Amino acid sequence: MATIPQITATEEPDGLSGEKAAPPLYFELSTNPDPVRVSPSSGDPERADFVLVGSRRSTLAIDCRKVIVNVSTGNNSPDLTPDLNSVTAQISLAGWTATTNTTAKTITFTPTSGHATIGPAQGITIQLMGMRINTVVGSSPLRIDVEWAESGDDYWTTDSTVIDIGKFPPDFVLRNFIPEQLVIDNGGSVKLNWEAGGASSLKLLYDVAEVNVLGRSPYTVNNVRSTTVFYLRATVQVGTGTVERILSTTVTVRVPDLEVRNLKVTGDLTAVTSGTTVRIRDLRGPYGAPLRVNSHLEVLTGNNVSIADNLTVGGKSVLRDQDSVRIRNNNYPENHLNATTAFGTDNSGNFIAAAYWRKNSYDSASTMTLEKR
């Protein structure tokens, strides 16, 4: 079931950490109707039911002595209902009762005894039934305060959760946001369908894209290469009041492209597809050790190899025109001759090898060593 977007802000209790710092209850809201619609300016008011489900997601039990629901009342855009007189309040915990304070704009749930224990993986359900909705479009905050302590502890604190509730015009529609295929091949297309009406703007959001799709259902997204969550965001503005509703759907891609910020592989990494291209911006060996390449390395035409420091070659190396070399006599290592050109051409364009230098006439070329400097 699609729901209006929930904006939740939860504060950690002071001085606690780990599981103790987690919210005592995680609340989710569902409404009937969905979305909530404002009342007409005359005639019977629009009514709505609100169901708050609080889940305990911890291995620790807590003691709870009070749950307070704060409702904005009045006739303005941030207000949800004109007053709390129309609300029937219930809670799923046995022995708890609800007390409504129209002046404080609160509905307080308390146990018969001083407190009740809520165990791990346990929760509560709060129902606010038959609430009249005021006549102004907008977004209204609903705050839930839970007064609690770790089970058996005397340190009591209050933790708050705020959920924004959108109030939409009577003619607003946004529903049935569905892709024609939930699973596609890599590079395939996604055709999205929905029903919409009464919106001031309608945007489709996915990855980094934001597309205006007002009046454009269905809409096709091409070349989808990874599993993608699509969001459909409708905005309604009536006078100074504004509210939005967001629906989402996910499309899974078979054998998707993968993009990560950091990747650590402790075993072998093998590319099984022929012609695989891997683009690497910065290639480094393990800390304190050189990078080992156990294969032939071919640099294609049009690409340069730049070496900032020294290059050590265990086998043969290649000299090019204008390389700096030194010729050494192997019989007399202390004698050497510097040369600036190792190879070149004569006036006729014929290739000539590097000249060698001999100290004595009986020294042959085989006793000479050509060293790159």
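Scroll up to find the structure this text is about.
Not measured: the values here are computed from a predicted model.

(A) The arrangement of the overall build of the chain in detail. When helices and strands are counted, the chain shows zero helices and 25 strands. The 373 residues of the chain split such that 32% are buried. For the chain, contacts bridging at least 24 residues in sequence account for 67% of all contacts bridging at least 6.

(B) The arrangement of the packing of aromatic side chains in detail. Within this structure, the stated rule accounts for three aromatic pairs. When the ring of Phe 168 is compared with that of Phe 172, the centres are 4.5 Å apart and the planes differ by 20°; the resulting orientation is stacked. Classification of Phe 168 as buried rests on a relative accessible area of 0%. Between the aromatic rings of Tyr 206 and Phe 230, the centroid separation amounts to 5.2 Å while the plane-to-plane angle is 50°, which identifies the pairing as tilted. Of this pair, Tyr 206 sits in strand β16 (residues 201-206) while Phe 230 sits in strand β19 (residues 228-238), and the two are 24 residues apart along the sequence. With a relative accessible area of 17%, Tyr 206 lands in the buried category.

(C) Quick look at the side chain of Asp 63. Relative to the elements of secondary structure, Asp 63 occurs in strand β5 (residues 62-71). Salt bridges are absent for the buried Asp 63, whose nearest opposite-charge side chain, Arg 65, sits at 9.4 Å. Separated by 2.8 Å, the side chains of Asp 63 and Thr 117 make a polar contact. Among the polar contacts made by the side chain of Asp 63, one reaches the side chain of Ser 151 at a distance of 3.5 Å. Contact partners of Asp 63, with chain neighbours within four places excluded, come to His 115, Ala 116, Thr 117, Glu 147, Trp 148, Ala 149, Glu 150, Ser 151, Gly 152 and Trp 156.

(D) Structural context of a nonpolar patch on the surface. Side chains of Leu 297, Val 299, Val 305, Ile 307, Leu 311 and Val 313 sit close together on the surface and give an oily, nonpolar patch of about 610 Å² of accessible area. Structurally, Leu 311 can be placed in the loop between β20 (241-254) and β21 (325-329). Here Leu 311 falls in the exposed class, since its relative accessible area comes to 61%.

(E) Main features of the sheet that holds β19. An order of β14-β20-β19-β16-β17 is seen for the five strands of this open sheet, with the pairing classed as mixed. Two strands lie at the open edges of the sheet, namely β14 (183-185) and β17 (209-212), each paired on one side alone. When strand polarity is set aside, the average angle formed by the axes of neighbouring strands in this sheet is 30°. In the sheet, β16 pairs with β17 via four bridges, with the strands oriented antiparallel. Within the sheet, the bridge partner assigned to Leu 204 lies in β17 and is Val 211.

(F) Examining the pattern of salt bridges more closely. On inspection of all chains with the given rule, the structure shows 10 salt bridges. Taking the shortest distance from any N to any O, the salt bridge between Glu 28 and Arg 57 comes out at 3.7 Å. Residue Glu 28 is located in strand β2 (residues 26-32), and its partner Arg 57 is located in the loop between β4 (47-55) and β5; the two are separated by 29 residues in the primary sequence. A residue is classified by how much of its surface remains accessible, and Glu 28, at 52% relative accessible area, is exposed. Across the salt bridge formed by Arg 132 and Asp 83, the nearest N and O atoms sit 3.0 Å from each other. Here Asp 83 lies in the loop between β5 and β6 (88-91) and Arg 132 lies in strand β10 (residues 123-132), a separation of 49 residues in the sequence. Taking the relative accessible area as the measure of exposure, Arg 132 reaches 22% and is therefore partly exposed. Each of Lys 203, Glu 210 and Arg 233 takes part in one network of salt bridges that share partners.

What counts and how
All residue numbers refer to positions counted from 1 along the written sequence of the respective chain. For this predicted model, a pLDDT threshold of at least 70 governs which residues receive local features, and a threshold of 80 or more governs which side-chain atom pairs are given and counted, while totals over whole chains, interfaces and linings are taken from all residues. Side-chain measures here rest on the full set of heavy atoms in the structure, leaving out hydrogens and waters. Secondary structure follows DSSP: runs of H or I at least 4 residues long count as helices, runs of E at least 2 residues long count as strands, and numbering of each begins at the N terminus. For every residue, the accessible area (1.4 Å probe, protein chains only) is compared with the maximum for its type, and the residue is labelled buried under 20%, exposed over 50%, or partly exposed between those bounds. Throughout, a residue-residue contact means that at least one pair of heavy atoms, one from each residue, lies within 4.5 Å. Within 6.5 Å between ring centres, the rings of Phe, Tyr and Trp (the latter by its six-membered ring) count as paired, and their orientation is classed by plane angle as stacked under 30 degrees, edge-to-face over 60, tilted in between. Charged-residue counts in this description rest on Lys and Arg as positive and Asp and Glu as negative, His and the chain ends being excluded. The working definition used for a salt bridge is a side-chain nitrogen of Lys or Arg within 4 Å of a carboxyl oxygen of Asp or Glu. In protein, a polar contact requires one atom able to donate a hydrogen and another able to accept it; more generally it is a pair of N or O atoms within 3.5 Å, and residues adjacent in sequence count only if both atoms are side-chain atoms. A patch consists of residues whose relative accessible area exceeds 30% and which take part in no salt bridge; residues with like charges are grouped when within 9 Å of each other, and nonpolar side chains (Val, Leu, Ile, Met, Phe, Trp, Tyr) when within 5 Å. Only the protein chains shown count as covering a residue, and every accessible area follows the Shrake-Rupley method with a 1.4 Å probe. Strands qualify as paired when DSSP identifies two bridges or more between them. Simply put, an axis is a line fit to the C-alpha atoms, just over the touching stretch for a helix, and the angle between two N-to-C directions goes from 0 to 180 degrees.

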